[in-house]
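Understanding the architecture of this molecule
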Amino acid sequence: MTDLSTTYLGLELKNPIVASASPLSKKVETAKKLEDAGVSAIVMYSLFEEQIIHESLELDHYLTRGTNSFAEAMTYLPDIGTYNMGPDRYLEHLAAVKKAVSVPVIGSLNGVSHGGWTSFARMIQDAGADALELNMYYLATYPELTGTELEDNYVDLVAEVKAAISIPLAVKLSPFITSLPNFVRRLVTAGADGLVLFNRFYQPNFDLEELEVVRTLELSDSRDLLLPLRWISILYGKVNADLALTSGVHTAQDVLKAMMAGAKVAMTASAILREGYERVPVMLNDLQAWMESHEYESIKQMQGSMSQQSVAEPAAFERSNYIQILSEFRDLP
Ligand SMILES: Cc1cc2nc3c(=O)[nH]c(=O)nc-3n(C[C@H](O)[C@H](O)[C@H](O)COP(=O)(O)O)c2cc1C
């Protein structure tokens, strides 16, 4: 029998397919369906910094009614829409999901600044989460902010959150970092036990008739795998943290590639959102069949086997490969 088990953040998982943060964890029933489909762990959708601050400002408004401070502060807060329930509800919901499923449940906090909101890391732990994923997503849009300042801020935030909890901490990252190996090494020194590569950004588009900026949320496909695949291959063996791949995991082949690059788990959201829960057992069966036909006994045996340090041509991940690829392109009209 092929052994599909893996470990991630100190958790023993029965297979490497993890449900990444998405609306699929917003209801106990849908979280249960994820478990029934066969995922080995569930990352909860995120509790956002804005959500926490919003609620505390509302409280502040209540306490200091009549002053202008609240109105001013409110104008800086983004529209958080209806994606998320309030912080207290989030904690109650997490506890309910944890009670309903037997697979590990990973809480998710999403924010960038320092301050009171990070105390929710501890509350997520107390609500029963087996680990915490911190999603740091900040888009630098003003020229005064340097890359170093931004990275220092992220590193400090990881240290702050780590100090508040005793469960393992994973950090979900953006690919837009100049020197990723250096940066992730700093995150690991600050306390990250795992690195989740990468956040997929939702790109604004233009409506040319209405001359409006429109928000778009495109689900991924397998082509989106290539960006995290390359970086996991490069980082494997260079940082002392578990690597998780997210973006573009739709098939057993995608999971296999993630494992061979060096990931401990392959996280998936779009595949299930688009094709339903059945996608998970199909992936698991295909994974098993592929491993049997290629005589692999375990997932652990293949982890990192195609990482940069293991392949015959490490330059395939680097710039030299770029020149070669361009010169080999023949597909002209
Ligand atoms: C509808 C939707 C909601 C999401 N919500 C969250 C979230 O709350 N927190 C988070 O860290 N990532 C969130 N994500 C990102 C996913 O966890 C995942 O990292 C990303 O979609 C890439 O994986 P995929 O290609 O399997 O979809 C969301 C994605 C989708 C499609």
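Anyway, here's the lowdown on the structure attached to this text.

Rules of the game
Residues numbered from 1 in each chain as written. Predicted model: local features only at pLDDT ≥ 70, side-chain atom pairs only at ≥ 80, totals over all residues. Heavy atoms only, no water. Near = heavy atom within 4 Å. Polar contact = N/O pair within 3.5 Å; in protein donor to acceptor, adjacent residues only side chain to side chain. Nonpolar A, V, L, I, M, F, W, Y, C, P; charged D, E, K, R; others polar. Patch = residues over 30% accessible without salt bridge, like charges linked within 9 Å, V, L, I, M, F, W, Y side chains within 5 Å. Areas by Shrake-Rupley, 256 points an atom, 1.4 Å probe, with all protein chains shown as cover. Salt bridge = Lys/Arg side-chain N within 4 Å of Asp/Glu carboxyl O. Helix = DSSP H or I, 4+ residues; strand = E, 2+ residues; numbered from the N terminus. Buried < 20%, exposed > 50% of the residue type's maximum accessible area, 1.4 Å probe, protein only.

For the rest of this paragraph, the subject is the site of the ligand. Taken together, 21 residues surround the ligand, and among them Ala 21, Ser 46, Asn 135, Ser 220 and Ser 270 come closest. One of the backbone nitrogen or oxygen atoms of Gly 248 is found 2.8 Å away from an oxygen atom of the ligand. One of the backbone N or O atoms of Ala 269 is found 2.8 Å from an oxygen atom in the ligand. By residue class, the composition of the shell around the ligand is 9 nonpolar, 10 polar and 2 charged.

Taken together, the side chains of Tyr 202, Leu 217, Leu 219 and Leu 273 make up a nonpolar region of the molecular surface, amounting to roughly 370 Å² of accessible area. Mapped onto the elements of the fold, Tyr 202 is located in the loop between strand S9 (194-197) and strand S10 (205-207). Tyr 202 sits in the partly exposed class, given a relative accessible area of 43%.

In this section: the pattern of salt bridges. Counted by the stated rule, this structure contains 12 salt bridges. For Glu 92, the salt bridge is made with Arg 89, and the minimal N-O distance between the two is 3.6 Å. Linking Glu 92 with Arg 89, this pair stays in helix H4 (residues 87-100), spanning 3 residues, or about one helical turn. Residue Lys 98 is joined to Asp 130 by a salt bridge in which the shortest nitrogen-to-oxygen separation is 2.9 Å. Of this pair, Lys 98 sits in helix H4 while Asp 130 sits in the loop between helix H5 (119-126) and strand S7 (131-135), and the two are 32 residues apart along the sequence.

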